[in-house]
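# Structural description and commentary
As a plain string of letters, each chain reads:
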Amino acid sequence: MLWLEDPPPISIGLQPYGKVQPSVCRQLKARLEREFFAKVTILPAHGLPKSAFYAPRSRYRADRLLPILAGSKGFDKVIGVTLDDISTTKGKFKDWGVFGLGSIGGRSCVVSSFRLGKQGAVSPLERLSRVALHEVGHTLGLEHCPTLHCTMSDAEGALKTVDDETGFCQLCRRRVKAIRN
Ligand SMILES: [Zn+2]
Ligand SMILES: [Zn+2]
């Protein structure tokens, strides 16, 4: 009789930029490990790379951070975490502030707490965790999902969308499972 072994966990490197609290990193690690059957390694913190700085708006380009993060060897995926504002080009907006950015099926993503507010029904840390799940979901190949309240909903910069999320919908969850097998 043939027994199929469990596939190995997805390995994720978590790169804190600057003064991200260790407790925040630990919370993100626990959440990613639980949702994705992953093994997360918290990397030593360092400052944001100057090459990603966008002087006209004094913030950092998320799309420049992604290839830098992807260069971090030894993991399937890498997620950067920052308190600073990050941006990318979105349609006709040359420099659009975002909660996070992840390339679909790519190696890396980045999330920022800068736009996640300080109050509301959902804590800033829970919001950051949801954005992290969304962006790592992109790196695992998940696209935006039309199902209401799914973690893969396109928030389009609206905190309410993040606050209304209840987790991955059945279809997205099935896709995450399929990636492992
Ligand atoms: Zn997205
Ligand atoms: Zn979904």
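None of the values given here were measured: they were computed from a predicted structure.

## Points about the overall build of the protein
When you go through the protein residue by residue, the secondary structure sums to five helices and nine strands. Reading the secondary structure of the protein in the N-to-C direction produces β-α-β-β-β-α-β-β-β-β-β-α-α-α. Its C-alpha atoms give the protein a radius of gyration of 16 Å, near enough to 16 Å, the size a compact globule of 181 residues would have. Each principal axis of the C-alpha atoms in the protein carries an extent, and together these give about 65 × 35 × 30 Å. Residues classed as buried in the protein amount to 47% of the 181 residues present. Sequence-distant contacts, at least 24 apart, represent 66% of the contacts inside the protein between residues at least 6 apart. Of the roughly 9800 Å² of accessible surface on the protein, 57% is carried by carbon and sulfur atoms.

## Overview of the nonpolar core
As a rule of thumb, soluble globular proteins bury nonpolar side chains together. Phe36, Ile79, Val136 and Cys172 are the most contacted members of the largest nonpolar core, which has 33 residues in total. Elements that contribute at least two residues to this core include exactly β1 (10-16), α1 (22-36), β2 (38-42), β5 (77-82), β9 (108-112), α3 (124-139) and α5 (170-180). In this structure Phe36 touches Ile10, Leu133, Val136, Gly137, Leu140, Phe168, Val176 and Arg180, once residues within four positions along its chain are discounted. Counting 15 residues, the second-largest nonpolar core is a separate cluster that includes Leu48, Leu65, Leu69 and Leu101.

What counts and how
Residues numbered from 1 in each chain as written. Chains lettered and ligands numbered in written order. Predicted model: local features only at pLDDT ≥ 70, side-chain atom pairs only at ≥ 80, totals over all residues. Heavy atoms only, no water. Helix = DSSP H or I, 4+ residues; strand = E, 2+ residues; numbered from the N terminus. Rg over C-alpha atoms; globule rule 2.2 N^0.38 Å. Buried < 20%, exposed > 50% of the residue type's maximum accessible area, 1.4 Å probe, protein only. Contact = heavy atoms within 4.5 Å. Areas by Shrake-Rupley, 256 points an atom, 1.4 Å probe, with all protein chains shown as cover. Core = buried A, V, L, I, M, F, W, Y, C linked by side-chain atoms within 4.5 Å.

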